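# An overview of the molecular structure
One-letter residues, chain by chain:
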Amino acid sequence: MVLQVRELKKYFGKTKAVDGISFALEEGQVIGLLGPNGAGKTTTLKCIAGLLRKDDGSVTIGGLDHRDDKARFRLAYIPEAPDIYDMLTVWEHMKFIALAYNLADWEQEAKALLERFDLIDKRTELGAHLSKGMKQKTSICCALLHHPDVLLFDEPLVGIDPRAMRQLKNAFFDLKADGKTLLISTHMLDTAQSLCDRVLVMKNGRLIAEGTVEELREQMKASADSTLEDLFLEVTADEQQ
Ligand SMILES: Nc1ncnc2c1ncn2[C@@H]1O[C@H](COP(=O)(O)OP(=O)(O)OP(=O)(O)O)[C@@H](O)[C@H]1O
Ligand SMILES: [Mg+2]
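Scope of this entry: the structure provided in the associated data block.

What counts and how
- Residues numbered from 1 in each chain as written.
- Chains lettered and ligands numbered in written order.
- Predicted model: local features only at pLDDT ≥ 70, side-chain atom pairs only at ≥ 80, totals over all residues.
- Helix = DSSP H or I, 4+ residues; strand = E, 2+ residues; numbered from the N terminus.
- Rg over C-alpha atoms; globule rule 2.2 N^0.38 Å.
- Buried ≥ 20, exposed ≤ 12 C-beta atoms within 10 Å, placed from the backbone.
- Contact = placed C-beta atoms within 7 Å.
- Pairing = 2+ DSSP bridges.
- Near = placed C-beta within 6 Å.
- Nonpolar A, V, L, I, M, F, W, Y, C, P; charged D, E, K, R; others polar.
- Axes fitted to C-alpha atoms, helices over the stretch in contact; angles between N-to-C directions.
- Parallel < 35°, antiparallel > 145°, perpendicular 65-115°, else oblique.
- Left-handed = near helix turned anticlockwise from the far one by under 90°.

Looking now at the overall build of the chain. Secondary structure summary: the chain contains 9 helices and 10 strands in total. Its C-alpha atoms give the chain a radius of gyration of 18 Å, near enough to 18 Å, the size a compact globule of 241 residues would have. Considering only C-alpha atoms, the chain reaches an extent of 55 × 40 × 30 Å along its principal axes. Across the 241 residues of the chain, 38% fall into the buried class. Excluding contacts between residues fewer than 6 apart, the proportion of contacts in the chain whose partners are at least 24 apart in sequence is 70%.

This is the structure we're talking about:
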């Protein structure tokens, strides 16, 4: 198991944003993290990435505690709203990451990444002058530069055009083919169904369902043609009663 989360808890005052969830990700899997607004998805991803201090539980990456430098090096977190510096160009963002991670010979890789995401022509453009989708793609290129094994994406498919969406989906498949492990929070259930090997469904800080679409159908005694959307609506509705 490349990522193991055990009894993770994060409370904000009385709000139990994450209330004791456990799951494990196998290497090379693409996992969808689903759940209604406020379910605790972003909080979970931020706790794993070490950007929020967890209240309880453990998170290990390749057996190491997630706060260990070696573990952090294996991980990348791509936030929902990309943290792009207004006064740095696209290329300077890559350089900044290379310096932060002390990467040697990163230029070739950076160039290849920018080409893959159609950003090469924007390499000298300032962050302030990028469109939302370009910022998103710059943030993804930055995240990939240090060759992380585990990638956490928070709502990566929002606000990008169809071409960028296709590039991103292709990038997900390439990353999977490279043996990377992806945990992707999304509300786009048809994409999740085609992209993910397995999904985790959260609600009110808890994990309420987990498995492949096939397994969810069996667990819920749903028909063989039910979609992930059908299953999601049913499983999240049941919990409300
Ligand atoms: N910094 C914070 N301070 C206080 N409460 C917070 C904070 N961040 C999140 N919460 C609360 O924690 C709960 C989970 O929020 P979270 O952002 O993790 O949900 P989410 O599943 O990512 O939702 P969405 O689908 O809307 O992105 C919500 O009730 C939210 O109000
Ligand atoms: Mg969120």
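Turning our eyes to something else, we now look at the pairing of strand β3 (residues 30-34). Across the 5 residues of β3, 5 count as buried, placing the element largely inside the fold. Two elements, β3 and strand β8 (residues 181-185), share 4 bridges in a ladder whose sense is parallel. Note on β8: the bridge partner recorded for Gly-32 is Ile-184. Note: β3 against strand β9 (residues 198-203), 4 bridges, orientation parallel. In the strand pairing of β9, Leu-33 is matched with Leu-200.

Attention now moves to the site of ligand 1. Phe-12, Thr-15, Ala-17, Gly-35, Asn-37, Gly-38, Ala-39, Gly-40, Lys-41, Thr-42 and Thr-43 make up every residue found near ligand 1. Of all the secondary-structure elements, those providing two or more residues to the shell around ligand 1 are β2 (15-25) and α1 (41-49). Broken down by element, the residue count for the shell around ligand 1 peaks at 3 residues, all from α1. When its residues are assigned to classes, the shell around ligand 1 shows 3 nonpolar, 7 polar and 1 charged.

Geometrically, a packed helix pair is captured by the angle between its two axes and the distance between the axes. Packing of helix α3 (residues 90-100) against helix α5 (residues 132-144) brings their axes to within 9 Å, and their N-to-C directions diverge by 25°. Considering their axes alone, α3 and α5 lie roughly parallel with respect to each other. Between α3 and α5 the crossing geometry is right-handed. On α5, the residues touching Val-90, His-93, Met-94 and Ile-97 of α3 are Thr-138, Cys-141 and Cys-142. For the contact of α3 with α5, the class distribution of residues is 5 nonpolar, 2 polar and no charged.

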